[in-house]
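Examining the three-dimensional arrangement
As a plain string of letters, each chain reads:
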Number of protein chains: 4
Amino acid sequence: MIAVLKPGASQEQIKNLIAWLEDRGLKVNLSEGEFYTILGLIGDVSKIDTELLEGLEMVDSVKRISEPFKRANRKFHPDNSIVEVGGGIAIGSGFQIIAGPCSVESPEQILEIAKSVKASGATILRGGTFKPRTSPYDFQGMQADGLPLLLEAKKQTGMPIITEIMNVVHLPLFENVDIIQVGARNMQNFELLKELGMIKTPVLLKRGLANTLQELLMSAEYIMAGGNSNVILCERGIRTFETYTRNTLDLSAVPVLRELSHLPVIVDPSHASGIARLVEPMAMAAAAAGANGLMIEVHNDPPNALCDGAQSLTPEQFAALTEKVRRVYEVANK
Amino acid sequence: MIAVLKPGASQEQIKNLIAWLEDRGLKVNLSEGEFYTILGLIGDVSKIDTELLEGLEMVDSVKRISEPFKRANRKFHPDNSIVEVGGGIAIGSGFQIIAGPCSVESPEQILEIAKSVKASGATILRGGTFKPRTSPYDFQGMQADGLPLLLEAKKQTGMPIITEIMNVVHLPLFENVDIIQVGARNMQNFELLKELGMIKTPVLLKRGLANTLQELLMSAEYIMAGGNSNVILCERGIRTFETYTRNTLDLSAVPVLRELSHLPVIVDPSHASGIARLVEPMAMAAAAAGANGLMIEVHNDPPNALCDGAQSLTPEQFAALTEKVRRVYEVANK
Amino acid sequence: MIAVLKPGASQEQIKNLIAWLEDRGLKVNLSEGEFYTILGLIGDVSKIDTELLEGLEMVDSVKRISEPFKRANRKFHPDNSIVEVGGGIAIGSGFQIIAGPCSVESPEQILEIAKSVKASGATILRGGTFKPRTSPYDFQGMQADGLPLLLEAKKQTGMPIITEIMNVVHLPLFENVDIIQVGARNMQNFELLKELGMIKTPVLLKRGLANTLQELLMSAEYIMAGGNSNVILCERGIRTFETYTRNTLDLSAVPVLRELSHLPVIVDPSHASGIARLVEPMAMAAAAAGANGLMIEVHNDPPNALCDGAQSLTPEQFAALTEKVRRVYEVANK
Amino acid sequence: MIAVLKPGASQEQIKNLIAWLEDRGLKVNLSEGEFYTILGLIGDVSKIDTELLEGLEMVDSVKRISEPFKRANRKFHPDNSIVEVGGGIAIGSGFQIIAGPCSVESPEQILEIAKSVKASGATILRGGTFKPRTSPYDFQGMQADGLPLLLEAKKQTGMPIITEIMNVVHLPLFENVDIIQVGARNMQNFELLKELGMIKTPVLLKRGLANTLQELLMSAEYIMAGGNSNVILCERGIRTFETYTRNTLDLSAVPVLRELSHLPVIVDPSHASGIARLVEPMAMAAAAAGANGLMIEVHNDPPNALCDGAQSLTPEQFAALTEKVRRVYEVANK
């Protein structure tokens with residue numbers, strides 16, 4: 001860590017600051033420039049609160065040299081992490097495709113879609129029962145009633161299941177869920193992250209709408225610091241000024257996260273754009289960029305259904321996509 | 001609500017869609033243009049899920065005409081809401097100044113600051129005990145241990161207190177807190193909002209880092225829909241590309257929120273910029289723009305303190321500010 | 001176009017507005033809802049200034065239904081446009097790779113790189129001579145002196161060349177340039193665009209750092225409205241809050257632009273991230289997403305060179321990339 | 001300037017880099033940490049291209065300590081700059097209000113508005129003749145024909161005038177213009193800035209939609225480096241995700257620019273929000289934040305005019321505003 005002091009800092013102030021830093025077990029390397037004085041802090045700087053240091057009158061700026069995350073850091077864990085999610089499926093090994101409806105609606109619906117996506121090559125089943133909705137007047141999902149339906153589909157198809165948690169008090173309901181999803185809006189719900197750190201169930205952590213990649217890794221660190229290292233990162237689009245797509249899928253997140261961290265990275269092209277016909281090109285782009293898998297919304301399509309989500313693929317579209325996307329993955333990543 | 005249909009929509013499709021909409025109790029006004037057909041939906045459209053409608057093959061786009069929020073809407077509540085917060089203080093009436101330290105650190109610290117800011121004209125005391133920190137390794141606040149200290153300062157000074165909640169299970173601890181703060185990172189923690197809707201304690205709801213003003217009002221609506229209408233909105237800066245300030249304070253939020261809603265609006269200039277010397281000019285700007293009050297971080301400043309937050313004012317700076325800011329408020333809002 | 005009127009609009013006002021719109025040759029379809037009155041405007045609405053209409057006291061909002069761009073619009077030109085750029089190369093047909101150094105530095109440098117990238121499969125040579133730099137004290141390129149060097153490299157290799165223009169008065173210097181590049185900072189330099197509309201040389205138009213896809217197409221429309229339909233669109237990253245990469249490459253721009261417009265779309269992964277090791281994964285992602293080609297920075301690398309741009313590939317890295325990226329393109333787009 | 005080297009940098013590489021830096025006249029201070037080696041560069045670092053240095057294989061990151069702008073820097077020019085603009089008016093002294101229509105439309109219109117805003121306390125007249133419009137089909141202003149109308153209004157009222165330039169070749173037409181405006185879209189049209197550096201006419205430089213405050217100051221530096229130190233900075237809103245207002249007015253820009261630079265700072269609340277009823281609160285907020293003046297759109301309002309821009313004030317609204325805003329300025333800045 002480097003602290004740049006302001007031109008006017010007195011010798012007395014500098015001496016006091018160095019003493020304070022040394023009290024915290026750091027070695028301090030003083031370097032006096034023409035205009036500025038620079039302190040190089042050597043040792044375990046993870047205990048230093050950067051913002052507090054920057055707040056000091058005499059400090060111009062502070063620069064971290066090492067990343068503030070450790071357990072998620074590839075530097076201390078060079079090999080890729082592989083997260084076993086049940087049913088013999090592992091994320092981080094090969095290319096996994098998670099598919100299913102936005103919401104669980106009925107026993108028939110979830111089972112039909114589960115069978116269909118399995119036949120098309122999906123390896124994990126998704127389905128929301130607790131749904132975060134911007135409006136309190138919109139459908140909030142089947143809530144606790146949806147979980148048994150999802151578990152029944154798991155039983156009948158043998159697919160591991162993933163579903164979203166929104167409240168720490170619901171945790172007991174998720175006992176037989178294979179992957180617990182933390183949605184974008186809860187990426188910095190630190191109390192929830194801490195609880196998820198105390199169990200062993202794999203957690204798929206979605207990037208928040210306006211969160212940097214470093215913040216995503218710090219949230220993964222919250223879970224890992226508690227003892228649960230089964231964390232899967234998920235890029236799902238960030239908020240920008242562009243209005244044509246709902247969000248802007250940041251695919252450079254894939255190689256950057258793979259470089260900074262050993263955790264697997266999944267891409268959700270359905271939520272990013274909010275437009276079904278963009279799912280295929282963006283899914284292929286994600287595979288080419290080196291993602292470890294995809295999460296895609298698929299909905300069965302009875303002729304008269306009016307509730308076909310803007311971003312969901314039909315089973316037929318999904319089947320066509322999986323084949324293509326696997327070929328792209330192989331060509332790009334061999 | 002208006003639904004614009006795609007050029008290729010067949011008469012059969014249009015007929016089916018109209019029937020479906022009429023089943024939901026809406027009157028449908030059909031208007032056929034040269035290239036497009038437009039449906040005007042009249043009646044209670046709050047039950048229509050805009051995204052679902054937009055997802056239909058035949059639909060080009062959907063436009064809400066009336067806002068999706070009701071209880072927070074000034075149209076249905078033309079008079080300003082005034083939120084009584086205890087100790088004879090009401091937010092929405094006059095200009096209220098909330099002040100105190102970022103974190104409660106000790107009985108002496110919080111009491112000393114409380115007395116000092118009260119003497120300078122603050123009417124409500126702030127102090128964090130549960131602190132949302134990006135890193136799991138940073139100080140997380142005194143947690144539950146901090147609340148009695150804050151309550152003691154309330155008792156001794158008579159000031160109502162505000163502090164942040166991060167977890168629904170902590171709610172019983174907040175029984176004697178006068179205003180419960182929902183932080184920016186939890187603005188869309190809908191499960192928390194629902195719980196806060198079931199009590200009567202005033203809630204100060206901070207705008208999320210990347211949330212629109214409409215989303216802020218929808219989150220207020222979550223609380224109000226549950227029966228708690230004591231909601232105070234708070235602008236505290238949004239995330240942009242600018243890096244000089246930590247966030248960009250969006251002061252146009254003040255007149256816009258005051259126009260769209262009857263709820264009081266508070267501005268937090270300390271968190272927005274993260275820089276103490278910007279607090280005064282931005283506090284005055286907020287007062288000039290018509291805010292109902294401010295929330296400002298103040299920290300006592302023993303000579304050798306190293307933990308003077310980058311954004312905190314000293315009691316002296318705070319005293320100078322309150323006087324100036326009240327004069328600006330009077331000149332601008334009379 | 002739809003104009004939604006405010007609840008309080010009087011019959012007199014509505015009558016006057018309709019008369020005014022009809023004077024402009026439009027047919028007006030009146031639809032009165034419970035709370036709102038809606039005008040559907042039918043006919044040539046391109047002459048209506050949306051902002052002016054929205055500015056009227058009685059108007060709540062205005063919604064364009066048809067896109068404001070015509071010549072760039074796929075609706076009126078369903079087939080893909082193919083831009084012939086000389087040397088038998090056409091952008092929009094197959095997958096074209098533009099490569100070369102950020103700046104032309106010397107006759108030897110540009111020629112050596114030209115030969116090298118040609119051998120590796122590049123079909124067009126890039127090289128900047130007028131360089132837009134944030135600081136007036138940074139190297140501004142060889143300016144007019146660099147163009148003859150680039151033209152000599154074209155002569156010796158037979159490759160068409162592309163270079164950036166920054167000033168309308170330089171246009172005569174670009175006579176033998178095959179593609180004129182308009183940089184991100186000049187995307188809305190409308191005076192420059194108008195001049196480029198009056199020649200026939202192909203123009204590669206880069207998306208501005210904070211410009212929407214519709215604004216990019218409107219800038220293409222400026223060039224095309226003047227008579228030059230040889231426009232190539234280029235996505236090169238947008239400005240967001242993320243700081244790890246210099247910009248955020250918005251790859252959904254590729255399928256969206258291909259859908260809205262018939263113009264070819266090129267991706268520049270070098271400028272987007274500013275990091276050489278991200279160029280390969282993002283180049284493959286761009287190819288998978290359906291781009292018509294790439295623009296990549298390549299620099300020769302004498303052992304002791306200190307000026308190896310952070311985002312430039314070595315000729316060896318480039319050679320490895322071209323092979324891989326072409327295979328991805330074929331698998332994804334057949 | 002500090003360069004942090006990567007852990008793997010060899011002694012040979014470090015030696016070569018230091019030699020190269022010393023060749024450029026810098027003194028290099030080597031500081032070896034546990035994991036990283038840090039070079040402190042002392043001397044005139046303005047000649048070092050940060051990006052090139054960061055691009056070196058062995059370099060992890062580079063941090064500028066001193067700002068890259070000099071002539072605009074308050075450190076080297078502690079006193080406020082005052083820009084004389086003719087007619088005895090000086091920007092940077094007192095509080096100046098620039099007012100007038102978005103576009104010059106006719107001799108009567110501009111003259112009427114000029115007289116009206118002068119009577120209400122405006123000191124400088126604005127009026128656009130070359131108008132940057134997103135669409136080539138929108139009204140582009142009266143172009144060269146509008147300038148004589150503006151000059152005539154200047155003659156009759158004695159007010160100095162400001163109008164926007166969009167093309168370097170138009171410069172001779174601006175001979176008698178008192179302040180030349182560079183619009184947001186041309187903030188990084190470096191060729192235009194260089195030309196404006198070679199004259200003495202004051203330049204009002206608007207911040208680009210997605211430009212940082214440092215980039216704004218670097219663009220001011222382009223003008224000043226050429227010899228023209230009569231630069232006025234203007235904040236007019238930045239592009240964010242918020243859609244209610246057209247742009248987000250970043251008022252913290254005012255105190256930040258005033259701190260970093262000695263140049264005067266003007267705020268344009270009309271363009272920022274695009275909504276007339278937000279102009280007054282934001283104008284007062286700008287005055288309270290310490291701006292040196294305002295630029296406001298005012299349009300005369302014949303009863304049946306349909307072209308009343310969404311963001312223009314009527315002369316009556318403007319008169320009410322000027323009085324209030326001057327009082328706020330006095331209270332906040334004395």
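See the structure printed just above.
In short, a report on the structure. (Residues numbered from 1 in each chain as written. Chains lettered and ligands numbered in written order. Predicted model: local features only at pLDDT ≥ 70, side-chain atom pairs only at ≥ 80, totals over all residues. Heavy atoms only, no water.)

**With respect to the overall build of chain A**
Per the secondary structure count, chain A includes ten helices and 14 strands. Once the C-alpha set of chain A is aligned to its principal axes, its extents read approximately 80 × 40 × 40 Å. Taken across its 334 residues, chain A has 66% of its residues classed as buried. Partitioning the contacts of chain A with sequence separation of at least 6, the portion at a separation of at least 24 is 67%. Summing over all exposed atoms, chain A offers an accessible surface of approximately 11,600 Å²; the carbon and sulfur share of this is 51%. The distance from the centre of the 32 positive side-chain charges to the centre of the 39 negative ones in chain A is 3 Å. (Helix = DSSP H or I, 4+ residues; strand = E, 2+ residues; numbered from the N terminus. Buried < 20%, exposed > 50% of the residue type's maximum accessible area, 1.4 Å probe, protein only. Contact = heavy atoms within 4.5 Å. Areas by Shrake-Rupley, 256 points an atom, 1.4 Å probe, with all protein chains shown as cover. Lys, Arg positive; Asp, Glu negative; His and termini not counted. Charge placed at Lys NZ, Arg CZ, Asp CG, Glu CD.)

**So, the interface of chain C and chain A**
Contacts between the two partners involve 36 residues from chain C, matched on the other side by 36 residues from chain A. Interface of chain C and chain A: buried area, both sides summed, is about 3,000 Å²; carbon and sulfur atoms make up 69% of it. On inspection of chain C and its partner chain A, the count reaches four salt bridges. In this structure, Glu-259 of chain A and Arg-277 of chain C form a salt bridge, with 2.6 Å as the shortest nitrogen-oxygen distance. (Buried area = accessible area lost by both parts, 1.4 Å probe. Salt bridge = Lys/Arg side-chain N within 4 Å of Asp/Glu carboxyl O.)

**Structural notes on the relation of the copies chain B and chain A**
The two copies are related by a screw motion: chain B maps onto chain A through a turn of 180 degrees and a shift of 0.0 Å along the axis, at an RMSD of 0.0 Å. The operation mapping one copy onto its partner corresponds to a two-fold rotation axis. The rotation axis passes nearest to the C-alpha of Ala-210 of chain B in chain B, at a distance of 2.8 Å. When the interface residues of chain B are mapped onto chain A, 100% of them are again interface residues, pointing to one common binding face. (Least-squares fit on C-alpha atoms with pLDDT ≥ 70 in both.)

**So, the nonpolar core**
Grouped together as the largest cluster of nonpolar side chains are 320 residues, with contacts concentrated most on Leu-251 of chain A, Leu-251 of chain B, Leu-251 of chain C together with Leu-251 of chain D. For this core, the element with the most residues is helix 9 (residues 276–289) of chain A, which contributes eleven residues. Beyond its immediate sequence surroundings of up to four residues, Leu-251 of chain A is in contact with Val-267, Met-282, Ala-285, Ala-286 and Ala-289 of chain A together with Leu-251, Met-282 and Ala-285 of chain C. (Core = buried A, V, L, I, M, F, W, Y, C linked by side-chain atoms within 4.5 Å.)

**Topic: the sheet that holds strand 1 (residues 2–5) of chain D**
As a general point, the strands of a sheet are linked pairwise by backbone hydrogen bonds and lie either parallel or antiparallel. Residue and element names in this part refer to chain D. The four strands are arranged 2-3-1-4 in an open sheet whose pairing can be described as antiparallel. Sheet topology places strand 2 (27–32) and strand 4 (59–63) at the edges, where each strand pairs with a single neighbour. Direction aside, the axes of adjacent strands within the sheet are offset by 20 degrees on average. Where strand 2 meets strand 3 (residues 37–42), six bridges bridge the pair, whose relative direction is antiparallel. If you follow Lys-27 over to strand 3, its bridge partner there is Ile-42. Against the sheet, helix 1 (residues 11–23) makes contact with strand 1, strand 2, strand 3 and strand 4, and its axis sits at roughly 155 degrees relative to strand 2, the strand it touches most. (Pairing = 2+ DSSP bridges. Axes fitted to C-alpha atoms, helices over the stretch in contact; angles between N-to-C directions.)

**With respect to the interface of chain B and chain A**
Listed as interface residues are 49 residues of chain B and, on the opposing side, 49 residues of chain A. When the two sides are added together, the surface that chain B and chain A hide from each other amounts to roughly 4,500 Å², 53% of it contributed by carbon and sulfur. Run the count over chain B and chain A and you get two salt bridges. Between Glu-215 of chain B and Arg-239 of chain A there is a salt bridge, with the nearest N and O atoms lying 2.7 Å from each other. Connecting chain B to chain A are 20 residue pairs in polar contact (both at pLDDT 80 or more). Going through the elements one at a time, helix 1 (11–23), helix 2 (50–55), helix 5 (190–197) and helix 6 (213–225) of chain B are the ones with two or more residues in the side of chain B that touches chain A. Considering each element in turn, the side of chain B that touches chain A owes the most residues, five residues, to helix 6 of chain B. For the side of chain B that touches chain A, a count of residues per class yields 20 nonpolar, 14 polar and 15 charged. (Polar contact = N/O pair within 3.5 Å; in protein donor to acceptor, adjacent residues only side chain to side chain. Nonpolar A, V, L, I, M, F, W, Y, C, P; charged D, E, K, R; others polar.)

**Some points on the sheet that holds strand 1 (residues 2–5) of chain A**
All names here are of chain A. Strand order across the open sheet formed by four strands is 2-3-1-4, with antiparallel pairing between neighbours. Of all strands in the sheet, those with a lone pairing partner are strand 2 (27–32) and strand 4 (59–63), marking the two edges. Between one strand and the next, the sheet's axes are offset by a mean angle of 20 degrees, whatever the strand orientation. As paired elements, strand 1 and strand 3 (residues 37–42) share four bridges and run antiparallel to each other. Looking at strand 3, one finds that Val-4 is bridged to Ile-38.

**Brief notes about helix 1 of chain B**
Because an α-helix packs 3.6 residues into every turn, residues spaced three or four apart end up facing the same way. All names here are of chain B. For helix 1, which comprises 13 residues, the first-to-last C-alpha distance of 18 Å matches the rise-based estimate of 18 Å (1.5 Å per residue) to within 8%. Of the surrounding elements, those touching the buried residues of helix 1 are strand 1 (2–5), strand 2 (27–32), strand 3 (37–42), helix 2 and strand 4 (59–63). Two residues or fewer past helix 1, Gly-25 is found with a positive phi of approximately 85 degrees. (Expected span 1.5 Å × (residues − 1).)

**Focus on the relation of the copies chain C and chain A**
Mapping between the two chain copies consists of a rotation about an axis together with a translation along that axis. The operation relating chain C to chain A is a screw motion whose rotation component is 180 degrees, with 0.0 Å of axial translation and a residual RMSD of 0.1 Å. A high fraction, 100%, of the interface residues of chain C reappear at the interface in chain A, so the copies pair face to face through one surface.

**Comments concerning the packing of aromatic side chains**
As enumerated under the stated definition, the model contains twelve aromatic pairs over all chains in all. Between the aromatic rings of Phe-95 of chain C and Tyr-329 of chain C, the centroid separation amounts to 4.6 Å while the plane-to-plane angle is 35 degrees, which identifies the pairing as tilted. With Phe-95 of chain C in the loop between strand 6 (89–91) and strand 7 (96–100) and Tyr-329 of chain C in helix 10 (residues 315–333), this pair connects stretches of sequence that are 234 residues apart. In this structure Tyr-329 of chain C comes out as buried when scored by relative accessible area, which is 19%. Both rings, one in Phe-190 of chain D and one in Tyr-222 of chain D, keep their centres 4.6 Å apart while their planes meet at 25 degrees; by these two values the pair is stacked. Pair noted here: Phe-190 of chain D is in helix 5 (residues 190–196) and Tyr-222 of chain D is in helix 6 (residues 213–225), with a separation of 32 residues, a long-range link. A relative accessible area of 1% means that Phe-190 of chain D is categorised as buried. (Phe/Tyr/Trp six-rings, centres within 6.5 Å; stacked < 30°, edge-to-face > 60°.)

**Re the pattern of salt bridges**
Enumeration according to the criterion identifies 47 salt bridges over all chains in this entry. One salt bridge connects Lys-75 of chain B with Glu-67 of chain B, and the closest N-O pair in it is separated by 3.1 Å. Close ionic contact of Asp-138 of chain D with Arg-133 of chain D constitutes a salt bridge, the shortest N to O distance being 3.5 Å. The buried category is assigned to Arg-133 of chain D, whose relative accessible area is 16%. Bridged by salt links that share partners, the residues Arg-207, Glu-235 and Asp-250 of chain A together with Glu-242 of chain C form one connected network.

**Thoughts on the pairing of strand 9 (residues 161–165) of chain C**
All names here are of chain C. Across the five residues of strand 9, five count as buried, placing the element largely inside the fold. Following the backbone out of strand 8 (residues 124–126), through helix 4 (residues 146–157) and into the adjacent parallel strand 9, one traces a crossover that is right-handed. One ladder, built from four bridges, connects strand 9 with strand 10 (residues 179–182); its direction is parallel. In the strand pairing of strand 10, Ile-165 is matched with Val-182. (Right-handed = clockwise from strand over helix to strand, strands pointing away.)

**Looking at the side chain of His-262 of chain B**
Residues and elements named next belong to chain B. Mapped onto the elements, His-262 comes out in the loop between helix 7 (253–260) and strand 13 (265–267). Classification of His-262 as buried rests on a relative accessible area of 2%. One polar contact links the side chain of His-262 to the main-chain carbonyl oxygen of Arg-71, over a distance of 2.7 Å. Within the structure, the side chain of His-262 is placed 2.7 Å from the side chain of Ser-81, a separation counted as a polar contact. In this view, His-262 contacts Arg-71, Ala-72, Asn-73, Arg-74, His-77, Asp-79, Asn-80, Ser-81 and Met-224; residues no more than four positions away in its chain are not counted.

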